[in-house]
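Examining the three-dimensional arrangement
One letter stands for each residue in the lines below.
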Amino acid sequence: MPIFRRKIVPNPLTDAKIAMTDRPAYTAITDADLAPLLATGWAVIEGGRAIAKVFIFRNFIDAFGFMTRAAFWSEKWNHHPEWSNVYKTVTVTLTTHDTGGLTDLDLKLAAKMDALTQT
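Nothing here was measured: the structure is a model prediction, and the numbers come from that model.

Moving on, we come to the environment of Glu46. Position of Glu46 among the secondary structure elements: in the loop between β3 (43-45) and β4 (50-56). Since its relative accessible area comes to 42%, Glu46 is described here as partly exposed. Here the alpha-carbon distance between Glu46 and Gly101, two residues 55 residues apart in the chain, equals 9.0 Å.

Glancing now at the packing of aromatic side chains. Counted under the stated rule, the structure contains six aromatic pairs. Centre to centre, the rings of Phe55 and Phe57 are 6.4 Å apart; their planes meet at 20 degrees, and the pair counts as stacked. The same class applies to Phe55 as to Phe57, namely buried. Their ring planes at 35 degrees and their centres at 5.1 Å tell us that Phe57 and Phe66 sit as a pair that is tilted.

Among the secondary structure elements, Thr95 is positioned in the loop between β6 (89-94) and α3 (104-116). Here Gly101 takes part through its backbone oxygen, which lies 3.4 Å from a polar atom of the side chain of Thr95. When residues no more than four places from it in sequence are discounted, the contact partners of Thr95 are Arg49, Ala50, His79, Glu82, Gly101, Leu102 and Asp106.

Another point: the pattern of salt bridges. A complete count under the given rule lists two salt bridges for this structure. A salt bridge links Asp114 to Lys53, with the shortest nitrogen-to-oxygen separation between them at 2.7 Å. Placement of Asp114 in helix α3 and of Lys53 in strand β4 is noted, with a sequence separation of 61 residues between them. Judged by relative accessible area, Asp114 falls into the buried class, the value being 12%. Assessed through its relative accessible area of 13%, Lys53 is described here as buried. As a salt-bridge pair, Asp62 and Arg58 come within 2.9 Å of each other at their nearest N and O atoms. Looking at Asp62, the relative accessible area reads 22%, which means it is partly exposed. Given the relative accessible area of 69%, Arg58 is considered exposed.

Right, let's talk about α3 for a bit. When the terminal C-alpha atoms of α3 are compared, their 18 Å separation across 13 residues agrees well with the 18 Å that a helix rising 1.5 Å per residue should span. Those residues of α3 lying buried are Asp104, Leu105, Asp106, Leu107, Leu109, Ala110, Met113, Asp114 and Leu116. Structurally, α3 contributes buried residues whose contacts are with α1 (31-39), β4, α2 (60-77), β5 (82-86) and β6.

The rules behind these values
Residues numbered from 1 in each chain as written. Predicted model: local features only at pLDDT ≥ 70, side-chain atom pairs only at ≥ 80, totals over all residues. Heavy atoms only, no water. Helix = DSSP H or I, 4+ residues; strand = E, 2+ residues; numbered from the N terminus. Buried < 20%, exposed > 50% of the residue type's maximum accessible area, 1.4 Å probe, protein only. Phe/Tyr/Trp six-rings, centres within 6.5 Å; stacked < 30°, edge-to-face > 60°. Polar contact = N/O pair within 3.5 Å; in protein donor to acceptor, adjacent residues only side chain to side chain. Contact = heavy atoms within 4.5 Å. Salt bridge = Lys/Arg side-chain N within 4 Å of Asp/Glu carboxyl O. Expected span 1.5 Å × (residues − 1).

Laid out in structure tokens, this is it:
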């Protein structure tokens, strides 16, 4: 589990305070870590700096529903995918921009996305 150092700063648009994340510490990724995801259709791309998968659903509603459910987890974990949707197809790329490569957050979100297709 990554360790995040948080600091509270004023939100420039409101009087509320928001939590900002400093550069987090990440766990190194191994081939063994990737193996379960590769078995479910994820592919290592960009010279090992990202993983990608194409999800195909029955229709647009199912595809958009998947994206909505995944978005909640992305927000909760403060880790957001690069993705696109065309009708019933959702193309996802995961990488951690802070590190310029893969981290445990990418693997965690990929596994969650796979699980969301089972519901």
